[in-house]
Each structure stands twice: as C-alpha cells, then as structure tokens.
Amino acid sequence: AVVSTQSTGEQVQSGEEKLGMGDTAGAVRHFASAVLHCGQGYQLLQILQSTMPPEAYKEFMEFLPKAQAKYSKTMQSKMAPKSAAQQKSAPAKSERIIAEEAVD
C-alpha cells in the first residue's frame, strides 16, 4: 500500500532493505511512499536517482505517478464533503434560521 504509518526515514530504510534483498518492486513502493510523504520530495528524488541502480530507478519513476494518483484519491475521499443525504439529516445553522424566519 502507498499510505503507511511509517515515517519517511523508515520508508527509505525499508526500501533500501528490499532493494538489498533484490525485491525491486517492494523497494519501489517504499521509496514512493517516502517521496509522497516527504516535505522535500524533490530533494529525495535526486538522492534516490544518484543512489539507486538505473533499472530500479526507472521502475520507481514509472510507479510514482500511479502511487501519487492513489494517494491523491485517498486524501480526496478523506476530505470529501458530506453527501446530500448526510447534509439533509443535519441542516446547516443558516438553513435553520432561514426556515424559522419563513415560519414567522
């Protein structure tokens, strides 16, 4: 999974361990998570480019947009406004005031 509770440093370390074991796909997932959660993602990308084997970095760069899209979709669903049905069950304060004024 792209979203993880591990810190950026832990993600990088896990990625390095996976890469050392020959698990490029696992390493790519950890590195992608690190970049997505890092405050300085561009700098981390530069470091990864200079330290990863070229084929692994190529696979990482191909995976990163997919991971970013999944991460964005996850974040949007967490921050999505309530559905119309949820909003109708609890009208906003301004809607209640307008309804009360209409009754007067």
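Residues numbered from 1 in each chain as written. Predicted model: local features only at pLDDT ≥ 70, side-chain atom pairs only at ≥ 80, totals over all residues. Heavy atoms only, no water.

### Things to note about helix α3 (residues 41-51)
Test applied: Residue burial is assigned from relative accessible area. The probe radius is 1.4 Å, only protein chains are included, and a residue is buried under 20% of its type maximum, exposed over 50%, and partly exposed in between. Every helix listed is a DSSP run of H or I at least four residues long, and every strand listed is a run of E at least two residues long, numbered separately from the N terminus. Directions are taken from the helix axis to each C-beta atom, and the arc is the one they span. A contact between two residues is defined here by any heavy atoms of the two lying within 4.5 Å.
Every buried residue of α3 is listed here: Gly41, Leu44, Leu45 and Leu48. One side of α3 carries all its buried residues, which in axial view fall inside an arc of 105°. Facing away from the buried surface of α3 by more than 90 degrees, the exposed residues are Tyr42 and Ser50. Tucked inside the fold, the buried residues of α3 contact α1 (8-20), α2 (24-37) and α4 (54-79).

### Re the side chain of Gln11
Assignment of secondary structure puts Gln11 in helix α1. On the basis of relative accessibility, which here comes to 3%, the residue Gln11 falls in the buried class.

### Digging into the packing of α2 against α3
Rules: Fitting a line to C-alpha atoms yields each axis, with helices limited to the stretch in contact; the angle taken between N-to-C directions then spans 0 to 180 degrees. Should an angle fall under 35 degrees it is taken as roughly parallel, and over 145 as roughly antiparallel, whereas 65 to 115 is taken as roughly perpendicular and any remaining angle as oblique. Two helices crossing with the near one rotated counterclockwise from the far one by less than a right angle form a left-handed crossing, whereas a clockwise rotation gives a right-handed crossing. Only Asp, Glu, Lys and Arg are considered charged, only Ala, Val, Leu, Ile, Met, Phe, Trp, Tyr, Cys and Pro nonpolar, and every remaining residue, Gly among them, polar.
As a packed pair, α2 and α3 sit with axes 8 Å apart at the nearest point and diverge in direction by 150°. The orientation of α2 relative to α3 falls into the category roughly antiparallel. With respect to the hand of their crossing, α2 and α3 are arranged in right-handed fashion. Every residue of α3 that contacts α2 at Phe31, Ala34 and Val35 is listed here: Gly41, Leu44, Leu45 and Leu48. Partitioning the contact of α2 with α3 into residue classes produces six nonpolar, one polar and no charged.

### What to know about the packing of aromatic side chains
Just so we agree on the cut-off: Each Phe, Tyr or Trp ring, with Trp reduced to its six-membered ring, pairs with another whose centre is within 6.5 Å; inter-plane angles below 30 degrees give stacked pairs, above 60 give edge-to-face pairs, and intermediate values give tilted ones.
The final tally for this structure, using the stated rule, is one aromatic pair. Look at Tyr57 and Phe60: their rings are 5.8 Å apart centre to centre, the planes differ by 45°, and that puts the pair in the tilted class. Taken together, the positions of Tyr57 and Phe60, both in helix α4 and three residues apart, correspond to about one turn of that helix. For Phe60, a relative accessible area of 0% puts it in the buried group.

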